[in-house]
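Read off the chains here:
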Amino acid sequence: MIDLSRRPLIVAIDGPAGAGKSSVSKILALRLDFTLVDTGAIYRCVALKAQRSGVAFDDLTGLQTLLDAVKVTFRMDVDKNHVFLDGEDVSDAIRTSEISLAASQVSGQPVVRNALLGLQRRLALAAEQGAILEGRDIGTVVFPDADIKIFLFADPSIRATRRYEELFQKGLEKPVGQVLEDQNKRDKEDSEREVAPLKPAADAVKIDSTRLPLSEVVAQIETLVSSKRVP
Ligand code: DC
């Protein structure tokens, strides 16, 4: 049993895009009153800032200067987890297809990953009761000693359909074939990069969300959290 007086309970949720990490993490955070750290949003903020400042995604000196000054914060509302970049609400600006690909590219740079490691850990450890971190390398690199590690995955075509629906609802419709192609590119980049590639931690609980309703995924993780909490 974990003694919560020592540090917040850390729940790592890793997996590829479209597996349901964001929806599951948000619901869990609201139900458990845990802090939610959307680490993908942090990489997206860096990509947006680089794009706006004209810094190329492989310009290591430019990226380092940008990282020294970047400030990313979150505010959880009932509707969504708002993301602020240097004080500006960029929750929608970071969700475009262009920034998705850009984030995947900047996240392959060790200089970026190292600079963001401390920020991700600080945000989680500041939580009162517990923190849910969603990303690609939480259980392997950011918190290799996380209390609970989940690797959430699903068939690529189902993931692309979910992403298509999400874009459609935002009025950003794109052919589903194109969504799948972009997703394959990102999956490849995220899992084949040298530093912190997307892969399940050896001790992660793997959940296939292809045919599972969201409520079932949430229930499975909640059961794991309950088993770790001090009564
Ligand atoms: O989860 P997301 O789609 O918002 O993440 C955007 C990109 O950021 C993703 O393509 C890979 C990268 N990322 C990462 O490398 N490590 C993380 N912990 C989270 C995201």
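Residues numbered from 1 in each chain as written. Predicted model: local features only at pLDDT ≥ 70, side-chain atom pairs only at ≥ 80, totals over all residues. Heavy atoms only, no water.

Asker: Please explain helix 8 (residues 176-192) as it appears in this structure.
Answerer: Along an α-helix, residues three or four apart share an orientation, since each turn contains 3.6 residues. Taking 1.5 Å per residue as the helical rise, helix 8 with its 17 residues ought to reach 24 Å, and the 24 Å between its terminal C-alpha atoms agrees with that figure. Restricting attention to buried positions, one finds in helix 8 the residues Val 179, Asp 182, Gln 183, Arg 186, Asp 187 and Asp 190. In an axial view of helix 8, the angular spread of the buried residues amounts to 140°, which keeps them on one side of the axis. When the buried face of helix 8 is taken as reference, the exposed residues oriented beyond 90 degrees from it are Glu 181 and Glu 192. (Helix = DSSP H or I, 4+ residues; strand = E, 2+ residues; numbered from the N terminus. Expected span 1.5 Å × (residues − 1). Buried < 20%, exposed > 50% of the residue type's maximum accessible area, 1.4 Å probe, protein only. Arc of directions from axis to C-beta.)

Asker: Just checking my understanding: could you explain the pattern of salt bridges for this structure?
Answerer: A side chain of one charge can pair with a side chain of the opposite charge if their charged atoms are brought near each other. With the rule as written, the count across this model stands at 18 salt bridges. Notably, a salt bridge pairs Asp 145 with Arg 7, separated by 3.3 Å at the nearest N-O pair. You can see Asp 145 sitting in the loop between helix 6 (138-142) and strand 7 (148-153) and its partner Arg 7 sitting in the segment before strand 1 (9-14), a full 138 residues away along the chain. Look at Asp 145 and you get partly exposed, because its relative accessible area is 47%. By relative accessible area, Arg 7 is classed as partly exposed at 22%. The salt bridge involving Lys 185 is made with Glu 189; its shortest N-O contact spans 3.4 Å. Linking Lys 185 with Glu 189, this pair stays in helix 8, spanning 4 residues, or about one helical turn. (Salt bridge = Lys/Arg side-chain N within 4 Å of Asp/Glu carboxyl O.)

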